[in-house]
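A structural walkthrough
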Number of protein chains: 2
Amino acid sequence: MNVWFKDEEILMSHGAGGKASRKLIEGLVAPILTSHGSPVCLGDSFNIAGTDYWVTTDSFVVSPSSFPGGTLGELAVHGTLNDLSVAGAEPLAITSAIIIEAGTSKDEVNLQLEAIGRASQDANVPVVAGDTKVVEHGKGDGVYITTTGFGRSHPKARLGPARVAPGDVVVCSGSVGDHGITVLMARGELDFTSNSLRSDTANLWPIVKELLDTFGDSVKWMRDPTRGGIASTLNELACDAKVEIMIEESQVPVTDPVRGACEILGLDPFHIANEGKLVAILDAAIAHRAVELLREHPLGRSASTIGTVHESTTPMVVCRTEFGAHRTLDMLTGDPLPRIC
Amino acid sequence: MNVWFKDEEILMSHGAGGKASRKLIEGLVAPILTSHGSPVCLGDSFNIAGTDYWVTTDSFVVSPSSFPGGTLGELAVHGTLNDLSVAGAEPLAITSAIIIEAGTSKDEVNLQLEAIGRASQDANVPVVAGDTKVVEHGKGDGVYITTTGFGRSHPKARLGPARVAPGDVVVCSGSVGDHGITVLMARGELDFTSNSLRSDTANLWPIVKELLDTFGDSVKWMRDPTRGGIASTLNELACDAKVEIMIEESQVPVTDPVRGACEILGLDPFHIANEGKLVAILDAAIAHRAVELLREHPLGRSASTIGTVHESTTPMVVCRTEFGAHRTLDMLTGDPLPRIC
């Protein structure tokens, strides 16, 4: 068994969605489970062998549990629906398991359950099984929610890193970094507040379905860039597809408050979590029409083409700045953003 | 919306599996989710509408995370497999989402992952999706694991409280209370230790499958009596099926260390959690043969007929003591056994 995780204990950075997270997953979790016969793909949606059904699971521990534009409960539903959606699977049902810290107010539990209920109802995906556990005060933090989603393949979906090829186009459905910076602001970790900063938490299935309905297998790969931001997501793709991805920095929508906060904090907006954005790799022939289609939808108003896929012996993501310089866009390192989802 | 949960905050007793748990689920969780269109059945396996597929989810927060006979990781796999099994669904796949407290040793994470891997391999049910989150030291307790299971109906299964009728026989696959008392002992909460006390954690699918293969729809209802013990499980059935259940106390296997610990602590073994026991309601015509079949299997060596189902205007569980007296066997109240699974 190839367990190469060397750290003696788990650190916050192992949960931040960047390099340390990948080390924990690829160096410890995956090798142990695969050595016992479980499949290697962990952390994304998975197709249950021999069926059209897909499954995904995520725990949500965002702090604070309410923030401008969303709540833990809403995030827990959207996050899991989105993991199914970007795999090309229509969400059919979710489960919700809740760990409550003793002493948490009924009002807080009520609020998060209402958020789960509303989000599932809006998405027309019922919560079909649940569980509730209680742990002592000081052994949790209010409410943690684990959702698991079940979905069925969209008939036209044919997605995967193996389908990504030089010449393909990278499309992003809107501005990046909103969720992560909003949560930091809600925690009081920024020196300013902004009335326009809001989490982008949303169910992506409606726009995914439109893309697949309209363009079928010209949609080659999709992902929702959560922890670690679009930089981590695209780096994972570059490795899996063995390509170089060139991003045009000026084409990636970033709102002013997000840009300002990132400058103050020394963060890259491309490393910040999103909870309602789609990154898709499309056949160049349909990319322009796909962006137009996305822009007709409230979730894709500021969609744009942000880059292209190139042949390379070294998988990497390169960013061309507004001044024409090139910089390597690496995965997130360190843990500037713990408990962001 | 019929939210009738009145407590101002969540207490440990709301997680102990007895009356307070039922209050939290039925008075708060279920009404909120059902008001948003989700089905009413929460906490058990659920059949995904229009399919043969079943889903169940559970968070596991047992403390300590290792105890004689088992570990948190093993429990997290078995518990979810068992919830599917007693619904008559063959487990096909599980997911595992882990919340790790920062500062937890690599060794502990390794141990629990190995336990998940081994238990899933032994059951031949792969872990098909996973997630890992990290929370600050003091906001968790080592490792919490949420597993979700996905299964397919056994072709002969026709189970449900509506099928339970007067004259049916209650069968239990072995001694009760072993898991709960073992965990209490491992916590140092007993004045004695016992070398023979071990958790009964086990995957019940092999014996469930044999019962269904052999007796088909003569098996009317099954449950694994975890939190709240067989008393809570049978009370839930009595309410759902609107019957009286008469239990012969002398017929319920209880090991000496469990009996002794319960006497010292003032607990009823019928309230103590099990993690590898099956309670089944069977047609009287096959009950004797079913017990014989169970006894041939390592998981059912001390299986026995423990009671009968009777017509009643008041759903209840009555226990006939060894001296012929009758006592009402109520659900667990209070929280003598927090974080038992």
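Everything numeric in this text was worked out from a predicted model, so none of it was measured.

The subject of this paragraph is the overall build of chain A. Along its length, chain A carries eight helices and 14 strands. On C-alpha atoms alone, chain A measures out to a radius of gyration of 19 Å, which is about the 20 Å that the 2.2 N^0.38 rule sets for 341 residues. For the C-alpha atoms alone, the extent of chain A along its principal axes is close to 55 × 50 × 45 Å. The centroid of the 27 positive side-chain charges in chain A is displaced by 3 Å from the centroid of its 43 negative side-chain charges.

Within a sheet, adjacent strands bond to each other through the backbone by hydrogen bonds, running parallel or antiparallel. Residues and elements named next belong to chain A. As summarised here, the arrangement of the seven strands in space is 9-11-8-12-10-13-14, forming an open sheet in which the pairing is mixed. The sheet is open, and its two edges are formed by strand 9 (219-223) and strand 14 (326-328), each paired on a single side. For this sheet the average axis-to-axis angle between neighbouring strands, irrespective of direction, equals 25°.

Right, let's talk about the UniProt feature "domain: PurM-like C-terminal" (unreviewed entry) in chain A for a bit. Annotation from UniProt places "domain: PurM-like C-terminal" (unreviewed entry) at residues 166-313 of chain A. Strand forms 17% of residues 166-313 of chain A and helix 37%; the C-alpha atoms that close the span are 12 Å apart.

Here we take up unusual backbone geometry. All names here are of chain A. With an omega of 0°, the peptide bond between S63 and P64 qualifies as cis. Residue placement: P64 occurs in the loop between strand 2 (53-60) and strand 3 (66-67). Of note in this structure, N124 is not a glycine but carries a positive phi near 60°. With respect to the secondary-structure elements, N124 resides in the loop between helix 3 (106-123) and strand 6 (127-135). Residue R339 is not a glycine yet carries a positive backbone phi of 50°. Inspection of the secondary structure assignment puts R339 in the segment after strand 14.

For the pair chain A and chain B, the superposition axis carries a translation of 0.0 Å, the fit reaches an RMSD of 0.0 Å, and the rotation angle comes to 180°. The transformation relating the two chain copies, once decomposed into turn and shift, fits a two-fold axis. Residues of chain A ranked by C-alpha distance from the rotation axis are headed by G140(A), positioned 2.2 Å from it. Mapped onto chain B, 100% of the interface residues of chain A are again interface residues, and the two copies thus contact each other with one and the same surface.

So, about the UniProt feature "domain: PurM-like N-terminal" (unreviewed entry) in chain A. Using the residue numbers shown here, the UniProt feature "domain: PurM-like N-terminal" (unreviewed entry) corresponds to residues 50-152 of chain A. The annotated region residues 50-152 of chain A carries 32% helix and 43% strand content, and the separation between its end C-alpha atoms amounts to 12 Å.

So, about the interface of chain A and chain B. Between chain A and chain B, the contact holds 78 residues from the first and 79 residues from the second. For the pair chain A and chain B, the two sides together bury roughly 6700 Å², of which 65% comes from carbon and sulfur. At the surface where chain A touches chain B, the tally comes to eight salt bridges. Here E136(B) makes a salt bridge to R339(A), at a shortest N to O gap of 2.7 Å. When residues of the side of chain A that touches chain B are traced back to their parent elements, those giving at least two are helix 1 (19-35), strand 2, strand 5 (89-101), helix 3, strand 6 and strand 7 (143-153) of chain A. For the side of chain A that touches chain B, the element with the most residues is helix 3 of chain A, which contributes ten residues. Per-class residue counts for the side of chain A that touches chain B are 36 nonpolar, 26 polar and 16 charged.

Ranked by internal contacts, the top residues of the largest apolar core, which has 69 residues, are V170(A), I181(A), I245(A), I247(A) and F270(A). Here this core takes six residues from helix 6 (residues 229-241) of chain A, the largest share from any one element. Split by domain, this core shows at least three residues from each of two domains, domain 2 (43-153) and domain 3 (161-328) of chain A. Within the second largest apolar cluster, 68 residues are counted, among which are M12(A), V243(B), V317(B) and L337(B).

The next subject is helix 6 (residues 229-241) of chain B. Residues and elements named next belong to chain B. Compared with the 18 Å implied by 1.5 Å per residue over 13 residues, the 18 Å span of helix 6 between its first and last C-alpha is a close match. Summarising burial for helix 6: ten of the 13 residues are buried, a large majority. Where helix 6 is buried, its residues meet strand 8 (169-172), strand 9 (219-223), strand 10 (244-248), strand 11 (279-282), strand 12 (304-310) and strand 13 (316-320). Phi turns positive, to about 55°, at K242, one or two residues after helix 6.

Our next topic: the packing of aromatic side chains. Applying the stated criterion across every chain yields a total of four aromatic pairs over all chains. Pairing Y53(A) with F150(B) gives two aromatic rings, centres 6.3 Å apart and planes at 55°, and the pair type is tilted. With Y53(A) in strand 2 and F150(B) in strand 7 (residues 143-153), this residue pair bridges two chains. This pair shows no difference in class: Y53(A) is buried, exactly as F150(B) is. Ring geometry for Y53(B) against F150(B): centres 5.2 Å apart, planes inclined by 10°, an arrangement best described as stacked. Remark: F150(B) occurs in strand 7 and Y53(B) occurs in strand 2 (residues 53-60); sequence separation between them is 97 residues. On the basis of relative accessibility, which here comes to 2%, the residue F150(B) falls in the buried class.

Rules of the game
- Residues numbered from 1 in each chain as written.
- Chains lettered and ligands numbered in written order.
- Predicted model: local features only at pLDDT ≥ 70, side-chain atom pairs only at ≥ 80, totals over all residues.
- Heavy atoms only, no water.
- Helix = DSSP H or I, 4+ residues; strand = E, 2+ residues; numbered from the N terminus.
- Rg over C-alpha atoms; globule rule 2.2 N^0.38 Å.
- Lys, Arg positive; Asp, Glu negative; His and termini not counted.
- Charge placed at Lys NZ, Arg CZ, Asp CG, Glu CD.
- Pairing = 2+ DSSP bridges.
- Axes fitted to C-alpha atoms, helices over the stretch in contact; angles between N-to-C directions.
- UniProt positions renumbered as here; feature names shortened; annotations may be inferred.
- Least-squares fit on C-alpha atoms with pLDDT ≥ 70 in both.
- Contact = heavy atoms within 4.5 Å.
- Buried area = accessible area lost by both parts, 1.4 Å probe.
- Salt bridge = Lys/Arg side-chain N within 4 Å of Asp/Glu carboxyl O.
- Nonpolar A, V, L, I, M, F, W, Y, C, P; charged D, E, K, R; others polar.
- Core = buried A, V, L, I, M, F, W, Y, C linked by side-chain atoms within 4.5 Å.
- Buried < 20%, exposed > 50% of the residue type's maximum accessible area, 1.4 Å probe, protein only.
- Domains from an automatic or database assignment.
- Expected span 1.5 Å × (residues − 1).
- Phe/Tyr/Trp six-rings, centres within 6.5 Å; stacked < 30°, edge-to-face > 60°.

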